[in-house]
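Report on the structure
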Amino acid sequence: MWVSSERLFYKSFVFSNLSSVNLAFFSCNNRPRRVGDTGDLMSAAAASPISTSLSVRIGAVLLLFGAAFAADPYVYYDWTVSYITAAPLGVKQQVIGVNGQFPGPILNVTTNWNVVVNVRNALDEPLLITWNGIQQRKNSWQDGVLGTNCPIPVRWNWTYEFQVKDQIGSFFYFPSINFQRAAGGYGGIIVNNRPVIAVPFGTPDGDITLFISDWFKKSHKDLRKDVEKGSGVGVPDGIIIVGEGTFGYQGATVSDGIASRTINVEPGKTYRFRVHNVGTSTSLNFRIQNHNLLLVETEGSYTVQQNYTNMDIHVGQSFSFLVTMDQNASTDFYIVASSRFVNSSAQSKASGVAILHYSNSQGPASGPLPDPPSEDDASFSMSQARSIRWNVTAGAARPNPQGSFKYGQIPVTDVYVIVNRPAELINGKWHTTLNGISYYPPATPLKLAQQFKIPGVYKLDFPNRLMNRQAKLDTSLINATYKGFIEIILQNNDRTVQSYHLDGYAFFVVGMDYGLWTENSRGTYNKWDGVARSTTQVFPGAWTAIMVSLDNDGIWNLRAQNLDSWYLGQELYLSVVNPETSDKTEVALPENVIYCGVLSSLQNDRSQRVTFSSSTDFLNISKTLLVTALIALFFTLIS
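Residue positions within a chain follow its written sequence, with the count starting from 1. Given that the model is predicted, a residue must reach a pLDDT of at least 70 before its local features are reported, and side-chain atom pairs must reach 80 or more before they are shown or counted; all residues, however, enter totals for whole chains, interfaces and linings. Note that water and hydrogens are dropped before the side-chain values are worked out from all heavy atoms of the structure.

Looking at the overall build of the protein
- Strands are runs of DSSP state E lasting at least 2 residues, helices are runs of H or I lasting at least 4, and numbering of each runs from the N terminus. Looking only at helices and strands, the protein features 7 helices and 36 strands.
- The proportion of buried residues among the 639 residues of the protein is 57%.
- Pairs at least 24 residues apart make up 77% of the contacts formed inside the protein by residues separated by at least 6 positions.
- Where accessible areas are quoted, they stem from the Shrake-Rupley method and a 1.4 Å probe; at the residue level, only the protein chains shown are allowed to cover. Accessible surface, the protein: about 25700 Å² in total, of which carbon and sulfur atoms supply 54%. Relative accessible area decides the class of each residue, using a 1.4 Å probe on protein chains only: under 20% of the type maximum gives buried, over 50% gives exposed, and in between gives partly exposed. For this analysis, residues touch if any pair of their heavy atoms sits within 4.5 Å.

If you want it as structure tokens, here you go:
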């Protein structure tokens, strides 16, 4: 059956955790919520004219409800990904929407919840959705990239099922293949703390998600053709904020009559702004006129709280700021995202503009836009990045402080110096490389080849240094050591800022500098409070060093977030395998897996044209029968 909206259930196969009753409802803002507590319900029963003994019996039934729906909840979404018409730069064009929305709906959950998302592909080409920053603990089957999943064919649907285990913070999802992110298809992911975990700041008065992005009038299909021909994506036609831009903007002020997104706020209140750069290839500077940005979180880590007047946010990065509405609201204020490091005088000042509207505002925003950092100051952005520190005293998704994992004291087991270069011709076609290798995606996903022990699909021989040989196409993986502690140095020999993302993990950003990395560069590392995140920038002619503890079984994608670099081959995979076969630390092959490549013959076409896996359907039926029985028992007791 098709499910038209999200649903929230609690499952338990044993009568345990009888201290609370977990009921659920879902609200119009796309966020499921937990309500109800036996303490409140039992108090209400005791105060009613029903007899005490009957109250006790009702309480027993309520406790059975609590047992039936205890443990980690499941939340269900049903999404259709399709083309819709929108006008991000004032002219109608085809974009990719989720359930008819651009940007797509926000997936709002709490740490340890299980998320089930049924995705219907209504595009005209295959589709995969990846969950940027969600670690998919022991479950790379749900990662949604070509190394782990067969694409969802046209007019098919596939159900992702994963747990947001031991994570909090701000993340986003997007289509991971065919350059589709350049056309949209993205949306926010909010992972909230459980109530037992303290948050290192007061509860904001509101929560606002902003997507900032470069944007092109060309379709994503035309853009990828340009990239294949070696001409690149070029200068963006504009910058958009939450799917809207300031078409035709030039100069220091905003032209009259141009529509922008309006963010409504109340004076004196504090809001959490979650800002994601979901763009194609452009670093952006984010700022709000006359307001400070108090940085509190980035990609699942609480940060040392510092005020910034602006923040450079590179492709694929996510930040949370607390912003207090402390200004005299004689006018509205500009929210600005402007391009950084774009080598074009005509568009170097192009900006996306939204409006911050106080409820008591007396007029429209006016005056020049707040100034961006100087393009001539090459050190500004790097100094700002270095200033972002991990809040080692704050708890995260678990009670222990973030700093209880003393990464600077862990011996390094492997070192990889990974060098990127500008696109180059290999076998007559344009490709980008890491250590001289342009990743060649096989027809059979790596994870399926590993599961079925298919030889010849990939090699575990990715070099730990740039080799003195010609660039080549290859499917070469890092043979990573399970529970090892790996140091990766990303050396950018390109002319543009590059962002790199690692699926399955948060890594520690321990250092960055201009020039070539050497062994002596380790003397500059931050081994105490380098921020843990999943996406980092590498400036042109510079390096960035990260460290990561490889405790998550699976095959994990390390990629350029810039779509042009990624599309041409700037990615690789880490194979992290637990050698102890008796230690079941990885999720089994999903029942609804899609087969492709050499395994295509295993595909049962009809089995994929369902909404949820058989196990989930069985769970829902079991819960329905249990609830029916408990309701009957309830009415028997009170009759």
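Section: helix α4 (residues 378-387)
- When we look at burial in α4, the residues that qualify are S381, M382, Q384 and A385. Viewed end-on, α4 has its buried residues packed into an arc of 155°, placing them on one side of the element.
- Looking at the packing, one finds that the buried side of α4 touches β19 (301-308), β20 (311-313), β22 (333-340), β31 (507-514), β33 (535-538) and β34 (542-549). The arc in question is the one spanned by the directions pointing from the helix axis to the C-beta atoms.

Some words on the packing of aromatic side chains
- Each pair of aromatic rings taken from Phe, Tyr and Trp, with Trp reduced to its six-membered ring, is defined by centres within 6.5 Å and is described as stacked if the planes are under 30 degrees apart, edge-to-face if over 60, and tilted in the remaining cases. Taken as a whole, this structure holds 27 aromatic pairs when the rule is applied.
- With centroids separated by 5.6 Å and ring planes inclined at 50°, the aromatic side chains of F102 and W215 adopt a geometry described as tilted. Remark: W215 occurs in strand β12 (residues 206-215) and F102 occurs in the loop between β5 (93-98) and β6 (107-110); sequence separation between them is 113 residues.
- Taking the centre distance of 6.3 Å and the plane angle of 75° together, the rings of F341 and F539 count as edge-to-face. Remark: F539 occurs in the loop between β33 and β34 and F341 occurs in the loop between β22 and β23 (351-358); sequence separation between them is 198 residues.
- We classify F341 as partly exposed; its relative accessible area is 26%.
- Members of the aromatic cluster, connected to one another through ring pairs, are Y77, W79, W131, W158, Y160, F162 and Y173.
- Either the NZ atom of lysine or the CZ atom of arginine qualifies as a charge over a ring when it sits within 6 Å of the ring centre and within 35 degrees of the ring normal. Positioned above the aromatic ring of F341 is the side chain of R340, whose terminal nitrogen or guanidinium carbon lies 4.6 Å from the ring centre.

Quick look at the pattern of salt bridges
- Whenever Lys or Arg places a side-chain nitrogen within 4 Å of a carboxyl oxygen from Asp or Glu, that contact is recorded as a salt bridge. Under the criterion given, the structure shown has 23 salt bridges.
- Taking the shortest distance from any N to any O, the salt bridge between R389 and D529 comes out at 3.0 Å. In this pair, R389 sits in the loop between α4 and β24 (414-426) while D529 sits in the loop between β31 and β32 (532-533), placing the two residues 140 residues apart along the sequence.
- Judged by its relative accessible area of 32%, R389 is partly exposed.
- Given a relative accessible area of 13%, D529 falls into the buried group.
- Between R465 and E519 there is a salt bridge whose closest N-O contact spans 3.7 Å. Taken together, the residues R465 in the loop between α5 (446-451) and β27 (472-474) and E519 in the loop between β31 and β32 connect sequence positions 54 residues apart.

A word on the state of the cysteines
- Working definition: a disulfide is two cysteine sulfur atoms within 2.5 Å of each other. The full count for this structure, using the stated rule, is 1 disulfide.
- Linked covalently through their sulfurs, C150 and C596 form a disulfide whose S-S length is 2.1 Å. In this structure, the disulfide formed by C150 and C596 twists by about -85° around the S-S bond and is classed as left-handed. Taken together, the positions of C150 in the loop between β8 (129-132) and β9 (157-163) and C596 in the loop between β36 (571-577) and α7 (614-638) put the pair 446 residues apart, joining distant regions of the chain.

Some points on the sheet that holds β8
- Between any two strands, at least two bridges found by DSSP are needed for them to pair. With mixed pairing, 4 strands are arranged side by side in an open sheet as β6-β11-β10-β8. The sheet is open, and its two edges are formed by β6 and β8, each paired on a single side. For this sheet the average axis-to-axis angle between neighbouring strands, irrespective of direction, equals 20°.
- Relative to strand β11 (residues 187-192), strand β10 (residues 169-175) runs antiparallel, the two being bridged by 5 bridges. Within β11, the residue paired with S170 across the bridge is I190. Axes here refer to lines fitted to C-alpha atoms; in helices the fit is confined to the stretch in contact. Angles between the N-to-C directions go from 0 to 180 degrees.

Observations regarding the nonpolar core
- Take the buried Ala, Val, Leu, Ile, Met, Phe, Trp, Tyr and Cys residues and link them wherever side-chain atoms come within 4.5 Å; each set so joined is a nonpolar core. Counting 100 residues, the largest nonpolar core has L210, F273, F286, F321, I335, L356 and I418 as its most contacted members.
- Top element by residues in this core is β34. It accounts for 6 residues.
- Those domain boundaries reflect an automatic or database domain assignment. Each of two domains, domain 1 (71-197 + 582-613) and domain 2 (407-577), supplies a minimum of three residues to this core.
- Excluding residues that lie within four positions of it along the chain, F321 makes contacts with Y271, R272, F273, V275, F286, L293, L294, L295, M311 and I313.
- With 48 residues, the next largest nonpolar core counts V75, V145, V164 and I555 among its residues.

Re unusual backbone geometry
- Looking along the chain, the bond that leaves F102 and enters P103 is cis, with omega of -10°.
- The phi angle at K453 is positive, at roughly 55°, despite the residue not being glycine.
- Within the secondary structure, K453 is located in the loop between α5 and β27.
- Classification of K453 as exposed rests on a relative accessible area of 72%.

Structural notes on the side chain of R287
- Along the chain, R287 turns up in strand β17 (residues 283-288).
- Asp and Glu count as negative and Lys and Arg as positive, but His and the ends of the chain are not part of the count. Of the side chains with opposite charge, D371 lies nearest to the buried R287, which makes no salt bridge, at 6.8 Å.
- N or O atoms within 3.5 Å of each other form a polar contact, as long as, within protein, one can give a hydrogen and the other can take it, and as long as residues adjacent in sequence are counted only when both atoms are side-chain atoms. Of note is the side chain of R287, whose polar atom sits 2.9 Å from the side chain of S338.
- Among all residues touching R287, those that are not within four sequence positions of it are L293, T309, N310, Y334, I335, V336, S338, P370, D371 and P372.

Some points on the pairing of strand β30 (residues 498-502)
- The buried fraction of β30 amounts to 5 of the 5 residues, a majority that puts the element mostly inside the structure.
- Burial along β30 is two-sided: Q498, Y500 and L502 and S499 and H501, pointing in opposite directions, are all buried.
- Here 4 bridges tie β30 to β33, and the two strands are oriented antiparallel to one another. Counterpart to H501 in the pairing with β33 is T535.
- Sheet topology places β30 next to strand β35 (residues 554-560); 3 bridges connect them, and they run antiparallel. Residue pairing across strands places Y500 opposite A560, the latter belonging to β35.

Observations concerning the confidence of the model for the protein
- Within a predicted model, pLDDT stands for the predictor's per-residue confidence, ranging from 0 to 100. Looking at the protein as a whole, its pLDDT mean stands at 85, while 80% of the residues score no less than 70.
- Predicted confidence for residues 1-68 stays below pLDDT 50, and this span has 132 contacts to residues more than four positions away or in other chains.
- Note on residues 247-253: pLDDT is under 50 here. Beyond four places in sequence and across chains, it has 16 contacts.

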